[in-house]
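Letter by letter, the chains look like this.
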Amino acid sequence: MTTRLTVAQALVRFLAAQYTERDGVRQRLISATWGIFGHGNVAGLGQALVEYADDMPYHQGRNEQSMVHAAVGYARQSNRLSTHAVTTSIGPGATNLVTGAALATVNRLPVLLLPGDIFATRVADPVLQQLEVPYAGDISVNDCLRPVSKYFDRVTRPEALIPAALQAMRVLTDPVETGAVTLALPQDVQAEAHDWPDEFFAERTWVVRRPGADPTELAEAVQTIRTAQRPLVIAGGGVHHSRAEEALAEFASATGIPVASTQAGKGSLRHDHPQDVGGVGHTGTATANELARQADLVIGVGTRWTDFTTASGTLFAADGVRFLNLNIAPYDGHKLAGTALVADARSALQELTGALQLHAHRVTGAYVDEYTLDKERWEQRVDACYEADEPDIRPTQPQVLGALDALVDESDVVINAAGSLPGDLHKLWRARSRDQYHLEYGYSCMGYEIPAAIGVKMAAPDRNVWALVGDGTYLMMPTEIVTAVQEGIAIKLLLIQNHGYASIGGLSETVGGERFGTAYRYQSDDGTYTGAPLPVDLAANVASLGMRVLRAKTVRDLRAALEEARAADTPTCVYVETETADTVSGAPPAQAWWDVPVAETATRPSAVKARELYERHVSTRRRHL
């Protein structure tokens, strides 16, 4: 039996019938589609979404990149088991997807991209917005999506949709390969009719596997742990993707091994778990980083070992330090010349715990006492940063976080991606649940927070979802505020005004750049932006987009505004201007290095001094072979 439908109609019907299943729980794989329509998709996918509105919910976006961010936020909150599709027209609509696609792929989060494309028949050539490539007739701007997609196909014939769609679903549901998946759809093919086999529209369930450890690898891993004196676990985002938090907590409690976390892995243990020692790396805690420097075995669980985590190769400094990498992806399992344990994080942690308990293995009491005391000292530093003795003055950024920390409970979700906030949050935030801390730091994309908060709220409508945004990030992409207002998605926006790119300003100063081009100020006579702050009213801008705004001038105002916003059932913004980051109650400085090369030759004293310091740090780098 066959059914005659357009390619776009067939695709929508197919997507509506796809499911995932893990641990006996089944759910829709593509639960909704975001779209902005133009001539490249309005008559194809646009018409199909109208035709099958009961089967495929639709959400209207304002920016193509931000639609991808919303889908990614939804996918992460859904443990990568459900996501959204995103459709755009050709030309700028399609190329606007590239940043969002890169973010999804870097963070190993599934999203389906459906950009319109130029005519497959080339009867209208060049079509509006077409990029002409003289040396190749089969290239369009959509080819920009190839390097940032885990799977890419251009559907130039109706028959080609069937294998392309099936391959797309395979990659989206593969815990190793997942990321952005792109099906480029020529606008004429979208509207072309074809007789489709009814089997194509039957419900399909894609089982998301949990592979256990190879017995030989497991035995080697157990022996490696048993011979270590100062082991340290580094928990990455793979712990969350696997829902391995309980297994990690049982492993840590049974062995006494301390657990530090990357930005993606923070919250793998609650902040008050005895073995949790906080963030690790350039933005980590002094406790975790000192343990890392002295560790003789570093156990990476679901981490990619980025330069922030390793302090650009300078953090793990002990002679003979070894690495054990538990990762579902072999590519990551073999990094740092580590012993690879290629398996699902939950499955392998349970196997490791059972095997080690057979040997009654546990680290020494002296080691536990050492990191426990250091953790207590760090918590005292956090308290000092959060404390605001004078409630009627303008808060520092850490005091803003302290006010929020005092208000939220384990049901709240805090979202951030870029600027100075990730460093403060990684050091200071006390994660109360497995998914409270939502930092997109693989791509650290300015503009992610607001649309991602919408996606998270869609996936968890009963949770309070906070988008923490600085002024630099806000000005990149505030457009989806309109979407939140339109659909009544009650996200909370905490907008912090510090008049510039605070994070890069601080970095610029340390590398001899003298904060050049990082402040939002008027130009001075010398051409630098060192004049008075710009009279930009971001709160008024937020209000003009339809969101309720609560202005807070002091710590006291801030506490009241945050409490009011948390109770609100409509999209609400708390706007606050902060004191500069170099005040007494600012966050502690970086506890580990990060390699940002400094000019090798310069005449300005700041750059010369920065280069001398840089060379000292570089001399401590090592390759783990």
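In case you missed it, the structure is sitting above this.
Predicted, not measured: the structure shown is a model, and the values here were computed from it.

Novice: Sorry if this is basic, but what is going on with the layout of surface pockets here?
Specialist: A probe matching the size of a water molecule, rolled over the atoms, marks out where space remains unfilled. Here the second largest pocket is characterised by a volume of approximately 450 Å³. Every residue lining the second largest pocket is counted, 25 residues in all, and those nearest its centre are Arg243, Glu245, Glu246, Arg346 and Arg434. Elements represented by at least two residues in the lining of the second largest pocket include exactly β3 (25-28), α10 (245-255) and α14 (345-358). Here the lining of the second largest pocket is built from residues that sort into 5 nonpolar, 8 polar and 12 charged.

Novice: Just checking my understanding: could you explain unusual backbone geometry for this structure?
Specialist: In most cases, non-glycine residues show a negative phi, while peptide bonds are predominantly trans. Here Asp125 and Pro126 are connected by a cis peptide whose omega angle stands at 5°. When you line up the elements, Pro126 lands in the loop between β7 (111-117) and β8 (151-154). Located in the positive-phi region is Asp23, a residue other than glycine, with phi close to 55°. Following the sequence through the fold, Asp23 ends up in the loop between β2 (18-22) and β3.

Novice: Help me understand helix α17 (residues 421-428), please; the structure alone is not making it clear to me.
Specialist: Side chains of residues three or four places apart in an α-helix project in the same direction, reflecting 3.6 residues per turn. Among the 8 residues of α17, 8 are classified as buried, and the element is accordingly described as predominantly covered. Taken residue by residue, α17 has Leu421, Pro422, Gly423, Asp424, Leu425, His426, Lys427 and Leu428 as its buried positions.

Novice: Would you mind going over the packing of aromatic side chains with me for this structure?
Specialist: Geometry of an aromatic ring pair is reported as the spacing of the ring centres plus the angle between the planes. Counting across every chain of the model gives 12 aromatic pairs. Ring centres 5.8 Å apart and planes at 90° place the aromatic pair Trp305 and Phe316 in the edge-to-face group. Here Trp305, found in the loop between β15 (297-301) and α12 (307-310), pairs with Phe316, found in the loop between α12 and β16 (322-327); they are 11 residues apart in sequence, far enough to count as distant. Each ring, one from Trp305 and one from Phe323, has its centre 5.8 Å from the other, and the planes form 80°; the classification is edge-to-face. Highlighted residues: Trp305 in the loop between β15 and α12 and Phe323 in strand β16, separated in sequence by 18 residues. By way of ring pairs, the aromatic residues Phe14, Trp196, Phe200 and Phe201 are connected into one cluster. Geometry around Phe201 places Arg13 over its ring, the cationic atom sitting 4.3 Å from the centre.

Thresholds, definitions, all that
Throughout, a residue's number is its position along its own chain's written sequence, starting from 1. Only residues with pLDDT of at least 70 are given local features in this predicted model, and only at 80 or more are side-chain atom pairs given and counted; all residues enter the totals for whole chains, interfaces and linings. Where side-chain values are given, they derive from all heavy atoms of the structure, hydrogens and water being excluded. In this analysis the probe radius is 1.4 Å and the grid spacing 1 Å, with only protein atoms considered; a cavity is a set of points the probe fits into but cannot get out of, a pocket is an open set with protein on both sides within 12 Å along at least five of seven lines, and lining residues have an atom within 4 Å of a point. Grid points are joined across faces, edges and corners, and a volume is the space filled by probe spheres set on the points. A run of H or I in DSSP counts as a helix once it spans at least four residues, and a run of E counts as a strand once it spans at least two, with each numbered from the N terminus. Under the convention adopted here, Pro, Cys and the residues Ala, Val, Leu, Ile, Met, Phe, Trp and Tyr are nonpolar, Asp, Glu, Lys and Arg are charged, and Gly plus all remaining residues are polar. Think of it in three bands: residues with accessible area under 20% of the maximum for their type are buried, residues over 50% are exposed, and the middle band is partly exposed, with areas taken using a 1.4 Å probe on protein chains only. Only centres within 6.5 Å qualify two rings of Phe, Tyr or Trp (six-membered ring in Trp) as a pair; their planes then separate them into stacked at under 30 degrees, edge-to-face at over 60, and tilted for everything else. Two limits define a charge over a ring: the Lys NZ or Arg CZ must be within 6 Å of the ring centre, and within 35 degrees of the ring normal.

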